[in-house]
Amino acid sequence: MSGRGNLLSLFKKKSQNSENSSSSDGHEVDSGLDVHQSNSSKTSGDSSLLTALENINVSVGRGRAQLIHSLQKKINPTELNENKNLENGCNVSQPFKTNIPASRNDLFYPNKIHGTKGFSVNMACNYLKLSTDDTKGVFQYEVHFFPNIDTLHLRMKYLNEHNDKLGGTKTFDGHTLYLPILLQNEMTVFFSKTKDFDVEIRILFKKKENVKDCVHLYNILFDRIMKTLKYVRFDRKHFDPSRPKIIPLAKLEVWPGYVTAVDQYEGGLMLCCDVSHRVLCQQTVLDMLIDIYQQNVSQYQDCVKKTLVGNIVLTRYNNRTYKINDICFDQNPKSHFESKCGSISYLEYYKQYHNISIKDVNQPLLLSIKKSRENPEEIIQFCLIPELCFLTGLREDVRSDNKLMREIATFTRVSPNHRQLALQKFFENVTKTPEARDILKSWGLSLNTTYDSLKGRQMPLEQIYFAKTEFSAGKNAEFSKHAVNNEMFKIIHLKKWILIYLRNDSRAANNLLDNIKLCSKTLGMNVSKPTMVSIDHDRIDSYVQSLRRNITTEDQIVVCICHSIRDDRYSAIKKICCSEIPIPSQIINAKTLLNESKNQSIVQKILLQMNCKMGGSLWTIKIPFKKVMICGIDTYHDPSNKGKSVSAFVASLDSSYTQWYSKAVIQTKGEEISNGLAASFEIALKAYQQHNGYLPDSAIIYRDGIGDGQLNICSEYEVPQFEVAGGHNIQISFIVVQKRINTRIFFENNNSFENPCPGTVVDMHITRAHMYDFFLVSQMVRQGTVTPTHFIVLRDDANYGPDIIQKLSYKLCFLYYNWPGTVRIPACCMYSHKMAYLIGQSIQRDVADSLLDKLFYL
């Protein structure tokens, strides 16, 4: 026996006649251990109990089980001995007090985490303050049943019989109980009667939780609040089905909603609340099946699986969501399944339990598979009726319709003023709804809008340097006019190159050459005539054969004009040019070259890309570092093969931070990502040394793709591997970059809210408690609300301090050569993202070494 069974076997059932707390007659209670043991056997029992507690395996799903997992701590012998008042003669009927240890944080946290540079600006944010009642808290108890009760349902049933004695409010997972009150006695015993025997319930106090350890509980409370407000949950977001926005022509509706998250911040316990939207199809899945059948009878089943599998559907009769894992063409609503009452058909079930009459009795069923909350190894299968299901999210045909996406954006792009109004509306809904207010009150919480004035800092404007001139980026941090009208910073003259095109696209090829002549002089680039290769058929093998026949070692770049966009053709060309015959390549859609009004601007951008791919650079910005290598990391996960991923590592090679070395590692399931990244770091250091003649003194690494739950693992396991790879002479600064966040910050001006200007930093109040982090707005957004980027510093061996790291992070956002302005994240992270995506999506093999010092993936 192991886990809970082993723990419970250590407890000895004692007969008692009282339903109340353990006796007040002076005899001792030993947490259920045998009171007749000798001292030596007690020591052995402690060890066994400790072992059992460490081996408890609490299934982690959602709700209670995940709460228990997040709060559970390992009990060490010292802590166990400190809590042995029962064995030391303490009478359980006497009230007791407990001391709460100070919280500890394992992440990097230096003395100085707030910057001072820049001028101060008044800001607002989408956070609400949560106040706690000092007379209440979150108290953890262990619950044991004698005789042992294995079923979670029965455990909850027996405990609920004594709900009034526990205060009426609780969270219980079958083993660990959380109450907002401290029970009078350290050991409390209840009895529940059954037909055959009495069940003894022993509730043993463990500890009072710190506020930071109760965050998950508080998030569960807000899930309950959203349920009382009649919101429907999709993943971690909640939406209001009673106020849909209808798009009639596309048969779509947009549900407004909120995404909420409670956490401990520098300004205290707060709720982050942001506006969210969910798109639903008004067509049923059955309607979609009929459309697919009419369009493609011969490949009907394959098309249905390709369209539906992996999507989320909503069943409106219970407002629940399910992921489609498969289509059961061999079943229909007349099929039978086993229920609690025996075998029943789907037709009978929906009529009996939901009063729904299914019309089409021959439609296939949708299979949804979920893991059991009680036992993660147990699989639960749902068979759904297509005519009762509605697809959620944006389908590919919707995403490709620009006009429709613009119409959807009118509902989903919310201005700062409207976001603040929605936040105020949420606050009123919670505080004016008695059920919602009582949920918070029962745990000693209250929601309020009063928080300290949020202060941000605005960094000064940046200068952009081209080959012969410089310009201010301006307050919008955008310089597209300067980028196409000035000589590039480092030019690679185009002397020998190849142009491959379809014979029917000769006009597009001539337009390209004519506009290159017009644009190249302004950019300072000399372009010779290419080797023209015309092909007769728009087939993949035609392009592949042309590449193999015509590419030579003297060629600088190959340009392919394709008649249309096709992923398989794109992948084939990139595989040849990146691995088999390494050469920078540019693929152009012929249709973009036939638009006479936009031709020149399109060709200008193509020329800029081609220059970068050959090893040139477009502009730079002043970063006054010497012997410092800046790196970026991102990872691509293959959605069709979850075990496969690509990690890309990009590192600077020069002091102007315009030359980059890029290395990607393709990994299969089971391989450690950090092992491949450390090896890439070593290779990048050798490339840096070869380029400069010396190694850098320090390396600043920006790591994208790390969530909050991975920060400790990254800090304890990944960062030390970079230190080992760099040796003792290279100082490591490691910064995590997070894009997918719900924080929104606004510039406040006379009770009106606007998007902050690029270069705005917030590093206090809404930053995490005991964490070295800050928010940076690097882009100008003209529609909707700008999303800041969250930076978390996990290591700073060189002691750069907050001002330098914040300023550097902003400067790096200017150096992404696919956009003449700032991007949301540092350029090194954008480059690593582009490379990982290209290799994971198209190339799917290692890239030739000769391309690694060029931005071949732009």
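Residues numbered from 1 in each chain as written. Predicted model: local features only at pLDDT ≥ 70, side-chain atom pairs only at ≥ 80, totals over all residues. Heavy atoms only, no water.

Would you mind going over the overall build of the chain with me for this structure?
The secondary structure content of the chain amounts to 22 helices and 38 strands. Across the 858 residues in the chain, those meeting the buried criterion constitute 52%. By sequence separation, contacts in the chain at least 24 residues apart represent 72% of the contacts at least 6 residues apart. Only carbon and sulfur atoms are counted for the fraction: they give 47% of the accessible area of the chain, which is about 40700 Å². (Helix = DSSP H or I, 4+ residues; strand = E, 2+ residues; numbered from the N terminus. Buried < 20%, exposed > 50% of the residue type's maximum accessible area, 1.4 Å probe, protein only. Contact = heavy atoms within 4.5 Å. Areas by Shrake-Rupley, 256 points an atom, 1.4 Å probe, with all protein chains shown as cover.)

Help me out: how do you make sense of the sheet that holds strand β30 (residues 645-652) in this one?
Read across the sheet, 12 strands follow the order β31-β30-β29-β32-β33-β38-β37-β36-β22-β1-β34-β35 without closing on themselves; strand pairing throughout is mixed. Sheet topology places β31 (660-667) and β35 (752-754) at the edges, where each strand pairs with a single neighbour. When strand polarity is set aside, the average angle formed by the axes of neighbouring strands in this sheet is 30°. The pairing of strand β1 (residues 119-125) with strand β22 (residues 454-458) spans five bridges and is classified as antiparallel. Paired with Met-123 across the bridge in β22 is Leu-454. Lying over the sheet, helix α21 (residues 801-812) contacts β22, β29 (628-637), β32 (698-704), β33 (731-738), β36 (760-762), β37 (773-777) and β38 (789-796), oriented at roughly 35° with respect to β37. (Pairing = 2+ DSSP bridges. Axes fitted to C-alpha atoms, helices over the stretch in contact; angles between N-to-C directions.)

Even after reading the chapter, I still don't get unusual backbone geometry, so can you show me in this structure?
Cis rather than trans, the peptide bond between Phe-146 and Pro-147 has omega equal to -5°. Residue position: Pro-147 is located in the loop between β3 (139-146) and α5 (152-160). Positive phi, close to 55°, is recorded for Asn-799, a residue that is not glycine. Exposure remark for Asn-799: the relative accessible area of 64% places this residue in the exposed category.

What should I look at first to understand the packing of helix α6 (residues 215-228) against helix α13 (residues 434-442) in this one?
In a packed pair of helices, the relevant descriptors are the angle between the two axes and the axis-to-axis distance. Direction vectors running N to C along α6 and α13 enclose 165°, while the axes themselves pass 9 Å from each other. By the criterion of interaxial angle, the relationship of α6 to α13 is roughly antiparallel. Considering only the axes of α6 and α13, their crossing is right-handed. Here α6 contributes Leu-221, Phe-222, Arg-224, Ile-225 and Thr-228 to the contact with α13, which in turn contributes Glu-435, Ala-436, Ile-439 and Leu-440. Split into classes, the residues belonging to the contact of α6 with α13 amount to six nonpolar, one polar and two charged. (Parallel < 35°, antiparallel > 145°, perpendicular 65-115°, else oblique. Left-handed = near helix turned anticlockwise from the far one by under 90°. Nonpolar A, V, L, I, M, F, W, Y, C, P; charged D, E, K, R; others polar.)

Looking at this structure, how should I read helix α20 (residues 711-726)?
Under the 1.5 Å per step criterion, the end-to-end length of α20 is 21 Å for 16 residues, consistent within 8% with the ideal 22 Å. In the structure, α20 departs most strongly from a straight axis at Glu-718, where the bend amounts to approximately 25° and where the proline Pro-720 lies between one and four residues downstream. Among the residues of α20, Leu-711, Cys-714, Ser-715, Glu-718, Val-719, Gln-721, Phe-722, Ala-725 and Gly-726 are the ones counted as buried. Remark: Gly-727 follows α20 within two positions and exhibits a positive phi of approximately 80°. (Expected span 1.5 Å × (residues − 1). Bend = angle between axes of the 7 residues up to and from the residue.)

In this structure, what is going on with the sheet that holds strand β27 (residues 557-562)? I would like to understand it.
Two orientations exist for strands paired in a sheet by backbone hydrogen bonds: parallel and antiparallel. Strand order in this open sheet of four strands is β26-β25-β27-β28, and the pairing throughout is parallel. A strand with exactly one partner marks an edge of an open sheet, and here the two such strands are β26 (531-535) and β28 (585-589). In this sheet, adjacent strand axes meet at a mean angle of 15° when their direction is disregarded. Alignment of β27 against β28, held across five bridges, turns out to be parallel. Directly across from Val-558, in β28, lies its bridge partner Ser-585.

How should I be thinking about the nonpolar core in this particular structure?
If you look at soluble globular proteins, the nonpolar side chains tend to sit buried side by side. Core analysis: the biggest nonpolar cluster contains 120 residues, and Leu-512, Phe-681, Tyr-702 and Tyr-831 have the highest contact counts within it. The element best represented in this core is helix α22 (residues 827-843), accounting for 10 residues. Setting aside chain neighbours within four positions, we find Phe-681 in contact with Met-629, Cys-631, Phe-649, Ala-699, Phe-722, Ala-725, Gly-726 and Ile-732. Grouped together as the second largest cluster of nonpolar side chains are 31 residues, Leu-128, Val-414, Leu-423 and Phe-426 included. (Core = buried A, V, L, I, M, F, W, Y, C linked by side-chain atoms within 4.5 Å.)

I would appreciate a short explanation of the pairing of β1 in the present structure.
A regular strand carries its side chains on alternate faces of the sheet. In terms of strand pairing, β1 meets strand β34 (residues 745-749) through three bridges, oriented antiparallel. Along β34, the bridge assignment pairs Ala-124 with Phe-746.

When you look at helix α17 (residues 567-580) in this model, what are you seeing that I'm missing?
Given 3.6 residues to a turn, an α-helix orients residues that are three or four positions apart in the same direction. In a regular helix each residue adds 1.5 Å, so 14 residues correspond to 20 Å; α17 covers 19 Å between its end C-alpha atoms and thus fits that length. Burial in α17 covers these residues: Arg-569, Ser-571, Ala-572, Ile-573, Lys-574, Ile-576, Cys-577, Cys-578 and Ser-579. Residues of α17 that are buried make contact with α16 (540-550), β27, β28, α18 (599-613) and α22.

Got a minute to help me understand the pattern of salt bridges in this structure?
Two side chains bearing opposite charge may form a pair once their charged atoms approach each other closely. Overall, the coordinates contain 27 salt bridges when judged by the stated rule. Taking the shortest distance from any N to any O, the salt bridge between Asp-697 and Lys-627 comes out at 3.7 Å. A residue pair is termed long-range when its members are at least 10 positions apart, and Asp-697 in the loop between α19 (673-692) and β32 and Lys-627 in the loop between α18 and β29 qualify at 70 residues. Salt-bridge contacts for Asp-704 lead to Lys-739; the nearest nitrogen and oxygen are separated by 2.7 Å. (Salt bridge = Lys/Arg side-chain N within 4 Å of Asp/Glu carboxyl O.)

What exactly am I supposed to notice about the side chain of Ser-192 here?
Residue placement: Ser-192 occurs in strand β6 (residues 187-193). Accessibility expressed as a relative area gives 1% for Ser-192, which makes it buried. Looking at Ser-192, its side chain comes within polar contact range of the side chain of His-162, at 2.9 Å. Excluding anything up to four places from it in sequence, Ser-192 contacts Tyr-158, Glu-161, His-162, Phe-197, Asp-198, Val-199 and Ile-201. (Polar contact = N/O pair within 3.5 Å; in protein donor to acceptor, adjacent residues only side chain to side chain.)

Hey, could you run me through the environment of Lys-834 in this one?
Note that Lys-834 resides in helix α22. Given the relative accessible area of 27%, Lys-834 is considered partly exposed. In the structure, Lys-834 is positioned 24 residues away from Leu-858 in sequence and 6.9 Å away in space, judged by C-alpha atoms. Discounting chain neighbours no more than four positions away, the residues touching Lys-834 are Tyr-816, Asn-818, Tyr-857 and Leu-858.

Help me understand the confidence of the model for the chain in this model?
For residues with low pLDDT, the predicted coordinates do not support detailed interpretation. Model confidence for the chain is summarised by a mean pLDDT of 84, while 86% of its residues fall at 70 or above. Note that pLDDT drops below 50 for residues 1-104; the model gives that stretch 172 contacts with residues more than four away or on any other chain. (pLDDT = per-residue confidence, 0-100.)

What is the right way to read the side chain of Gln-806 from this model?
Relative to the helices and strands, Gln-806 is located in helix α21. Separated by 2.5 Å, the side chains of Gln-806 and Arg-457 make a polar contact. Of note is the side chain of Gln-806, whose polar atom sits 3.2 Å from the side chain of Asp-763. Leaving out residues up to four positions away in the same chain, Gln-806 has contacts with Gly-115, Arg-457, Met-459, Val-761, Asp-763 and Phe-774.

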